[in-house]
Amino acid sequence: MICRQCPRGCNIDRAVNLGYCQSPELPKIARAGLHFWEEPCISGQNGSGTVFFSGCSLGCVFCQNEEISHKNHGKIVSIERLSEIFRELEQKGAHNINLVNPTHYVHAISKAVRLYRPNIPIVYNSGGYDTVETIDKASEFVDIFLMDMKYRSADRALKYSKAQDYPTVSEKAILRCAKAVKENIFDDNGMMQKGLIIRHLILPQGTRDAIEVIDWVDKNVPWAVLSLMSQYTPHGDLTDFKEINRKITQREYDKVLDRAADSGIENIFTQELNSSSSKFIPPFDLSGV
Ligand code: SF4
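Residues take numbers from 1 onward in each chain, read along the sequence in its written order. Thresholds applied to this predicted model are a pLDDT of at least 70 for local features of residues and 80 or more for the giving and counting of side-chain atom pairs; totals over whole chains, interfaces and linings are not thresholded and use all residues. Neither water nor hydrogens contribute to the side-chain values; these are computed over all heavy atoms in the structure.

Peer 1: Before we move on, can you summarise helix H8 (residues 207-220) with the specific residues and values?
Peer 2: Owing to its 3.6 residues per turn, the α-helix brings residues three or four apart onto one side. Strands are runs of DSSP state E lasting at least 2 residues, helices are runs of H or I lasting at least 4, and numbering of each runs from the N terminus. To estimate how far a helix should extend, the number of its residues minus one is multiplied by 1.5 Å. Compared with an ideal rise of 1.5 Å per residue, which puts 14 residues at 20 Å, H8 spans 20 Å between its outermost C-alpha atoms and is within 8% of the ideal. Within H8 the residues assigned to the buried category are Thr207, Asp209, Ala210, Ile211, Val213, Ile214, Trp216 and Val217. Any two residues whose heavy atoms approach within 4.5 Å at even a single point are treated as in contact. Those residues of H8 that are buried are in contact with helix H6 (154-161), helix H7 (166-181), strand S10 (192-201), strand S11 (225-229) and helix H9 (250-262). Throughout, exposure labels follow a simple rule: accessible area from a 1.4 Å probe, protein chains only, divided by the maximum for the residue type, with under 20% read as buried, over 50% as exposed, and the rest as partly exposed.

Following this line, the structure appears as structure tokens:
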């Protein structure tokens, strides 16, 4: 497969070479299991059936999942095995199948879903660095788009993710997701069945970016669910990024929440400021793979 699946556009044959995301053609997975730390309408009581894909086309310096995203820890599985994993998660009672960082494996996931289509919603849980072509392909099997909007500032996107085009790429991708799902649908228990959630992890000194995300959502997709996350914790080697080597302050978070409260966005998730990020990171021990 000659890969141009994400905006990096490596144009290499993944059967024989690795591109920016360091990912082979067959899916590489670090963990599959029930996960309880997503938004309440995704995790619910039973948990979300997460499949954590290894490798990443973005590679943020502060990534909490660096063990799998940067170091690429995981196990390569067949398309048939991936479809069995979907079935097993469904049998465990998962509310949904949650594809974590799926961008670079959409080709494989698409084939696996053709082998077995679960009777629960499929969630596309992405960093937001997706081409519209990849979103279109994912739209054939995805019910819920859970999309990061990490930056509105091209300078910050370049600095922390080597992706200066992230703001324009992510807004096009999210608009495409919105066009695909059109609305949010919840069941009687408040679990999302279809829809769009836009996530923003607030970084230290990142209130301006956060406010610009809020303003963009308010203007373009005010019906989407907005999740404003305060859980940022310094992680990895931040020697060259001292300004983000701390948690965000209550003042920073309040400033962002004030703007959100003044917006026309109806459905907003927030977090306790002291939410510990470490509890959101499961062990990447190949369980369920
Ligand atoms: S998915 Fe990976 S190999 Fe393909 S274009 Fe993106 S970074 Fe390159």
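Peer 1: Go over the side chain of Asn125 with me, naming the residues and quoting the values.
Peer 2: Here Asn125 lies in strand S7 (residues 122-126). Using a relative accessible area of 7% as the deciding quantity, one classes Asn125 as buried. Pairing of N or O atoms within 3.5 Å defines a polar contact, subject to two protein rules: one partner must be a possible hydrogen donor and the other a possible acceptor, and residues neighboring in sequence count only if both atoms are side-chain atoms. Among the polar contacts listed, one links the side chain of Asn125 to the side chain of Asn98, at a separation of 3.2 Å. Once residues within four sequence positions are removed from consideration, Asn125 is found in contact with Glu38, Asn98, Leu99, Val100, Asn101, Pro102, Leu146 and Arg199.

Peer 1: Go over unusual backbone geometry, please, and point to the residues and values.
Peer 2: Here the phi dihedral of Gln22 falls at roughly 60 degrees; this positive angle occurs in a residue that is not glycine. Note that Gln22 resides in the loop between strand S2 (12-13) and strand S3 (28-35). In this model, Leu286 sits at a positive phi of 70 degrees, which is unusual for a non-glycine residue. Examined against the element boundaries, Leu286 turns out to sit in the segment after strand S12 (268-269). Under the relative-accessibility criterion, Leu286 is labelled partly exposed at 31%.

Peer 1: Describe in detail the site of the ligand, supporting the description with residues and values.
Peer 2: For each residue, the test is whether any non-hydrogen atom lies within 4 Å of the molecule or strand; if one does, the residue is near. The local shell around the ligand consists of Cys3, Gln5, Cys6, Arg8, Gly9, Cys10, Arg14, Gly19, Tyr20, Cys21 and His104. Its residues assigned to classes, the shell around the ligand comprises five nonpolar, four polar and two charged. Each residue gets one of three labels, nonpolar for Ala, Val, Leu, Ile, Met, Phe, Trp, Tyr, Cys and Pro, charged for Asp, Glu, Lys and Arg, and polar for the others, Gly among them.

Peer 1: Could you give an account of the packing of aromatic side chains, with specific residues and numbers?
Peer 2: Geometry of an aromatic ring pair is reported as the spacing of the ring centres plus the angle between the planes. For Phe, Tyr and Trp, rings pair up if their centres lie within 6.5 Å, where Trp contributes its six-membered ring, and each pair is then called stacked (planes under 30 degrees apart), edge-to-face (over 60) or tilted (otherwise). With the rule as written, the count across this model stands at eight aromatic pairs. Seen from their ring centres, Tyr124 and Phe145 are 5.6 Å apart, and the 65 degrees between their planes marks the pair as edge-to-face. A residue pair is termed long-range when its members are at least 10 positions apart, and Tyr124 in strand S7 and Phe145 in strand S8 (residues 144-148) qualify at 21 residues. Judged by its relative accessible area of 0%, Tyr124 falls in the buried class. When the centroid spacing of 6.1 Å and the interplanar angle of 15 degrees are considered together, the rings of Tyr129 and Tyr166 count as stacked. With Tyr129 in the loop between S7 and helix H5 (132-139) and Tyr166 in helix H7, this pair connects stretches of sequence that are 37 residues apart. As far as the burial class goes, Tyr129 and Tyr166 line up, both buried. Aromatic ring contacts, followed pair by pair, group Phe62, Tyr160, Tyr232 and Phe241 into a single cluster.

Peer 1: Can you tell me about H7, naming the residues and giving the values?
Peer 2: Its 16 residues give H7 an end-to-end C-alpha distance of 22 Å, which sits within 8% of 22 Å, the value for a rise of 1.5 Å per residue. Listed in full, the buried residues belonging to H7 are Tyr166, Pro167, Val169, Ser170, Ala173, Ile174, Cys177, Ala178 and Val181. Angular distribution of buried residues about the axis of H7 spans 165 degrees; they occupy a single face of the element. Facing away from the buried side of H7 by more than 90 degrees, the exposed set consists of Lys172 and Lys179. Comment: arc refers to directions from the helix axis out to C-beta atoms.

Peer 1: Explain the pairing of S7 to me, and be specific about the residues and the numbers.
Peer 2: Within S7, five of the five residues are buried, which leaves it mostly tucked inside the rest of the structure. Neither face of S7 is exposed, since Ile122, Tyr124 and Ser126 on one face and Val123 and Asn125 on the opposite face are all buried. Two strands qualify as a pair provided DSSP detects at least 2 bridges between them. As judged from the four bridges shared by strand S6 (residues 97-100) and S7, these two strands associate in the parallel manner. Bridging across to S7, Leu99 finds its partner in Tyr124. For crossovers, right-handed means that the path from the first strand over the helix to the second runs clockwise, given strands pointing away from the viewer. Taking the sense of rotation as the criterion, the β-α-β connection linking S6, helix H4 (residues 106-115) and S7 turns out right-handed. Bridge count between S7 and S8: four bridges; the pairing is parallel. What sits directly across from Tyr124, in S8, is Phe145.

Peer 1: So what's going on with the pairing of S11? Residues and values would help.
Peer 2: The buried count for S11 comes to five of five residues, which makes it a mostly enclosed element. Alignment of S10 against S11, held across five bridges, turns out to be parallel. Following the sheet pairing, Arg199 is matched in S11 by Ser227. Read as a crossover between parallel neighbours, the route from S10 over H8 to S11 is right-handed. Strand direction decides the pairing type here: S11 and S12, joined by two bridges, are parallel. Each residue of the ladder has a partner; that of Ser227, found in S12, is Phe269.

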